[in-house]
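One-letter residues, chain by chain:
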Amino acid sequence: MNFQKIALISALFSLVNFTALDFDSIQAQSWTSYLSESQINDLVDTGEDLLLATDAGLVVVNKTTLERSIFNTGNSNIPRNHIQSITEDFEGQVWIGTYDVILSRFDGEDFQDNIVPENEDFNTENTQLYDLKIAPNGDLWTGTSHGIFRKSGEEWMHYDEEELGETFFEAWDISINELGDVLIGSTDVFKFSNGNWTNISQDSGVNGYLDADLFRSSTGDLFFSGDLDKIGRFDGENWETNGFDLEINGSEVVKFTEDQDGNMYLNTLRDGVFKLNNGLWEQQEDLLDVSFNNATDYFYIDSENTLWMNNDIHLIKSANGETSSTLISDFTLESNGIQAVHKAPNGSMYFFTYSSNIAVLDTEGNWSAVPLPSGDNEIILFADILVDTSGDIWLADFAGLFQYSNSNWTFFDLGPCRSLAMDSNGKKYVHTDNGITIIENGEWSEYNQSNSPISFPLAGLGIDEANNLWLARFGENVLYKVSSQGTDWETFDGTNTSDIDLLGGSIHFDINGNAWIPADNVGAIKFDGENFSNPYVGNIGEMANYAVTDISSDAEGTLYFAHQFGVTTWTDNSWGDLLIEQVPAVFTSASS
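On a predicted model such as this, the values are computed, not experimentally measured, just so you know.

Trainee: Looking at this structure, how should I read the overall build of the protein?
Mentor: In terms of regular secondary structure, the protein is built from three helices and 54 strands. The proportion of buried residues among the 592 residues of the protein is 55%. Across the protein, contacts joining residues at least 24 apart in sequence account for 43% of those joining residues at least 6 apart.

Trainee: Please clarify how unusual backbone geometry should be interpreted in this entry.
Mentor: What is expected of a backbone is that most residues other than glycine have negative phi and most peptide bonds are trans. Here the residue pair Phe456 and Pro457 is connected by a cis peptide bond, since its omega of 0 degrees sits within 30 degrees of zero. For Pro457, the position within the fold is in the loop between strand S41 (443-447) and strand S42 (458-463). A positive phi angle is found at Asp312, which is not glycine, with a value near 55 degrees. Looking at the element boundaries, Asp312 is found in the loop between strand S27 (307-311) and strand S28 (314-319). Its identity is not glycine, yet Asn406 carries a phi of approximately 55 degrees, on the positive side. Owing to a relative accessible area of 69%, Asn406 belongs among the exposed residues under this scheme.

Trainee: Could you clarify how one ought to interpret the pattern of salt bridges in this entry?
Mentor: Opposite charge on two side chains permits pairing when their charged atoms draw close. Within this structure, the stated rule accounts for 13 salt bridges. Put simply, Asp131 and Lys133 hold a salt bridge, and the shortest N to O gap is 2.9 Å. Given the relative accessible area of 3%, Asp131 is considered buried. Asp139 is the partner of Arg150 in a salt bridge, and the nearest nitrogen-oxygen pair spans 3.0 Å. Here Asp139 lies in the loop between strand S10 (129-134) and strand S11 (140-144) and Arg150 lies in strand S12 (residues 147-152), a separation of eleven residues in the sequence. Looking at Arg150, the relative accessible area reads 14%, which means it is buried. In this structure Asp139 comes out as buried when scored by relative accessible area, which is 4%. Overlapping salt bridges bring together Asp45, Lys63 and Asp302 as one network.

Trainee: Would you explain the sheet that holds strand S19 (residues 222-224) in this entry?
Mentor: Within a sheet, neighbouring strands are paired by backbone hydrogen bonds and run either parallel or antiparallel to one another. Across the sheet, four strands lie side by side as S18-S19-S20-S21; this open sheet has antiparallel pairing. In this open sheet, the two edge strands, each paired with only one partner strand, are strand S18 (214-216) and strand S21 (239-240). Here S18 runs beside S19; their pairing, made up of three bridges, is antiparallel. Pairing of Arg216 across the sheet is with Leu222, part of S19.

Trainee: Is there a simple way to think about the confidence of the model for the protein in this case?
Mentor: Should pLDDT be low for a region, the predicted coordinates there are not to be read in detail. Looking at the protein as a whole, the pLDDT averages 84, with 85% of positions reaching at least 70. Below pLDDT 50 for its whole length, residues 1-30 participates in 89 contacts with residues either more than four positions away or in separate chains. Ignoring residues within four places in sequence, the model shows residues 582-592, a span with pLDDT below 50, making 42 contacts including any to other chains.

Trainee: I tried to follow the packing of aromatic side chains on my own but got confused; where do I start?
Mentor: Within a pair of aromatic rings, the relevant descriptors are the distance that separates the centres and the angle that separates the planes. Taken as a whole and judged by the stated rule, the model has 34 aromatic pairs. Here the aromatic rings of Trp141 and Phe192 are separated by 5.2 Å at their centres, their planes lie at 55 degrees, and the arrangement is tilted. Of this pair, Trp141 sits in strand S11 while Phe192 is found in strand S16 (residues 189-193), placing the two residues 51 residues apart along the sequence. On the basis of relative accessible area, Phe192 is assigned to the buried category, the value being 9%.

Trainee: What should I look at first to understand the pairing of strand S44 (residues 478-482) in this one?
Mentor: Two faces make up the sheet, and in a regular strand the side chains alternate between them. Taking burial as the measure, the five residues of S44 include four buried ones, the bulk of the element. Both strand S43 (residues 469-473) and S44 contribute to a ladder of four bridges, which runs antiparallel. Note that in S44 the partner of Leu469 across the bridge is Val482. What sits between S43 and S44 in their antiparallel hairpin is a turn of four residues, with Gly475 showing a positive phi close to 80 degrees.

Trainee: Sorry, what's going on with the sheet that holds strand S30 (residues 338-343) here?
Mentor: Ordered by their spatial adjacency, four strands build an open sheet running S30-S31-S32-S33, and the pairing between neighbours is antiparallel. Edge strands, defined here as strands with exactly one partner in the open sheet, are S30 and strand S33 (367-371). Pairwise comparison of adjacent strand axes, ignoring direction, gives a mean angle of 20 degrees for this sheet. Across five bridges, strand S32 (residues 357-361) lies against S33 in antiparallel orientation. Bridge assignment links Asn357 to a residue of S33, and that residue is Pro371.

Trainee: Please explain the side chain of Asn119 as it appears in this structure.
Mentor: Structurally, the position occupied by Asn119 is in the loop between strand S9 (111-115) and S10. One polar contact links the side chain of Asn119 to the main-chain carbonyl oxygen of Trp156, over a distance of 3.3 Å. Setting aside chain neighbours within four positions, we find Asn119 in contact with Phe149, Trp156, Met157 and His158.

Trainee: Any chance you could explain a nonpolar patch on the surface here in plain terms?
Mentor: Taken together, the side chains of Ile380, Leu381 and Phe398 define a hydrophobic patch exposed on the protein surface, amounting to about 320 Å² of accessible area. Structurally, the position occupied by Ile380 is in the loop between S33 and strand S34 (382-387). When its relative accessible area of 59% is taken as the criterion, Ile380 is described as exposed.

Trainee: Sorry, what's going on with the environment of Ala399 here?
Mentor: Counting through the fold element by element, Ala399 comes out in the loop between strand S35 (393-397) and strand S36 (400-405). When neighbours within four sequence positions are excluded, Ala399 is seen to be in contact with Glu378, Ile380, Phe411, Asp413 and Gly415.

Trainee: I would appreciate a short explanation of the environment of Asp113 in the present structure.
Mentor: Tracing the backbone shows Asp113 in strand S9. Taking the C-alpha atoms as reference points, Asp113 and Trp95, 18 residues apart in sequence, are found 9.7 Å from one another. Not counting chain neighbours up to four residues away, the residues in contact with Asp113 comprise Trp95, Leu103, Ser104 and Arg105. In terms of polar contacts, Asp113 uses its side chain to reach the side chain of Arg105, at 2.9 Å.

Trainee: Could you clarify how one ought to interpret the nonpolar core in this entry?
Mentor: Within the largest apolar cluster, 16 residues are counted, with the highest numbers of intra-cluster contacts made by Tyr350, Phe352, Ile358, Ile385, Ile393 and Leu395. Sorting the residues of this core by element identifies strand S31 (349-353), S32, S34, S35 and S36 as the ones contributing at least two each. Excluding its chain neighbours within four sequence positions, the residues that come into contact with Ile393 are Tyr350, Ile358, Val370, Ile385, Leu386, Val387, Phe402, Gln403, Tyr404 and Trp409. Ranked by size, the runner-up nonpolar core spans 15 residues in total, among them Ala135, Leu164, Ala171 and Phe190.

Trainee: I'm lost on the pairing of strand S15 (residues 182-185) in this one. Help?
Mentor: Residue alternation in S15 divides its side chains into two sets, Val182 and Ile184 and Leu183 and Gly185, and both sets are buried. For strand S14 (residues 173-176) and S15, the ladder comprises four bridges, and the chain directions are antiparallel. Considered in S15, the bridge of Ile174 is made with Ile184. Between S14 and S15, which pair antiparallel and follow one another directly, the connecting turn spans five residues, one of which, Gly180, has a positive phi of 95 degrees. Adjacent in sequence and paired antiparallel, S15 and S16 are bridged by three residues.

Parameters at a glance
- Residues numbered from 1 in each chain as written.
- Predicted model: local features only at pLDDT ≥ 70, side-chain atom pairs only at ≥ 80, totals over all residues.
- Heavy atoms only, no water.
- Helix = DSSP H or I, 4+ residues; strand = E, 2+ residues; numbered from the N terminus.
- Buried < 20%, exposed > 50% of the residue type's maximum accessible area, 1.4 Å probe, protein only.
- Contact = heavy atoms within 4.5 Å.
- Salt bridge = Lys/Arg side-chain N within 4 Å of Asp/Glu carboxyl O.
- Pairing = 2+ DSSP bridges.
- pLDDT = per-residue confidence, 0-100.
- Phe/Tyr/Trp six-rings, centres within 6.5 Å; stacked < 30°, edge-to-face > 60°.
- Axes fitted to C-alpha atoms, helices over the stretch in contact; angles between N-to-C directions.
- Polar contact = N/O pair within 3.5 Å; in protein donor to acceptor, adjacent residues only side chain to side chain.
- Patch = residues over 30% accessible without salt bridge, like charges linked within 9 Å, V, L, I, M, F, W, Y side chains within 5 Å.
- Areas by Shrake-Rupley, 256 points an atom, 1.4 Å probe, with all protein chains shown as cover.
- Core = buried A, V, L, I, M, F, W, Y, C linked by side-chain atoms within 4.5 Å.

Structure representation (structure tokens):
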């Protein structure tokens, strides 16, 4: 088995709920990859537009209309899609810096003058760019994971611990004033002036830690974040930290910004926005739309006191008491971590990701978002998603069962819910810890230990072409089959079958009507209506330690086993690897 090929796609399929992915509708194994823009990493405000540096290109947003243009490797000369920094020099020219340290000038229409540091200390394979700034004399300064690289004329110079001292670690942020003085935010704050380096924050009590940020206020004060729980302010002679403690989750400050009245703000990843008021940082609970639940990736106030807040792919504008929003992408997911993918009866794809929304892609290629439940009943531990023929969304969660209908969420306290299924007539089944809840034409009923031959715990459920419900008992080779009317029950017991591991997941039916169930520890079990077998057995030398999590198949009969190494195919009694060529390094994917 080619483990390198399987490793190529393991990042995708290790997080996708494969049972929910409807391979029956896939023809010729056509796949489309959806790369998440994730968030704004940096921005330049031209007055008319916001130029946003994102993980997937440059996004230009008109500040008045919120219309936007996206520049990426598919439609421009941009050297890489992942832009980490964007800056404007003292002559108004815009430069970007990609995460892998390629610098390029943006002329408003395309990218020119690609530059890479030419220095013996620059490692092209494992150096990451954090910030880019340009001095009044035209020198380019880059803060990276391997120190500071400076381009003066045609010469590249490198500065690290040798020049800055042992307390220097990585260069996370750069600030340059009109005189050409350069400040570097690292574990300490370092200043370069008149050709000399000095540590200006030594013994200040503030230590940068992961993505420290520097900001010069209109009063001339320097603000420095990065410490786990405090902010430092430097007036040119002394550092102040008293009263600047923050009750946040450690190393969470993202950026500083200032309004036109001179008020200072900072935003955090998960604890919202804080305003400096009489020497104390106070959380602004009602500053902007609360849909982000205090999660912010970027916060900025422009020269007209318009507030801009970004989280994932969402950008919110707030001005004069009115709020509007846009997406910083034409097609994307909010997060690269997918917990489930589900195809609705109308063909729309529903992506459940590690975010506050369910992403929806319709058959015309349009994206929308459904907010997750909030308030007293929130998602605790997501298990499964189902969309019925009326378009209602059902979520199985450790907290219970959720239904989204007519733009509202309803919670049903069924206890922990594990999986969902629906037959061709719209009859829904919910696997709970106490039984199988049945929802049909608005009526609710249940199979449990008192009215059925079911023994618990159950591993999962599935529905065959005849709308029979199948249940797998967890940890044993026992299957239950019940007719759609609930009148006929059959029990299939293969506990004593040799060389068969124990059932451990939901049931999938291939085009021949065989039932397939993920097995505990190794492979998957096949049940043909009479006998249990395991095609993995006998292939142990080639398939050792495979823990199948989900199974699906396509219209031509190929089976797909999702496991910790990626996806293995089974066609005509032959094993193979599912290989998707030229996929992004970090991506999510769905059937087209």
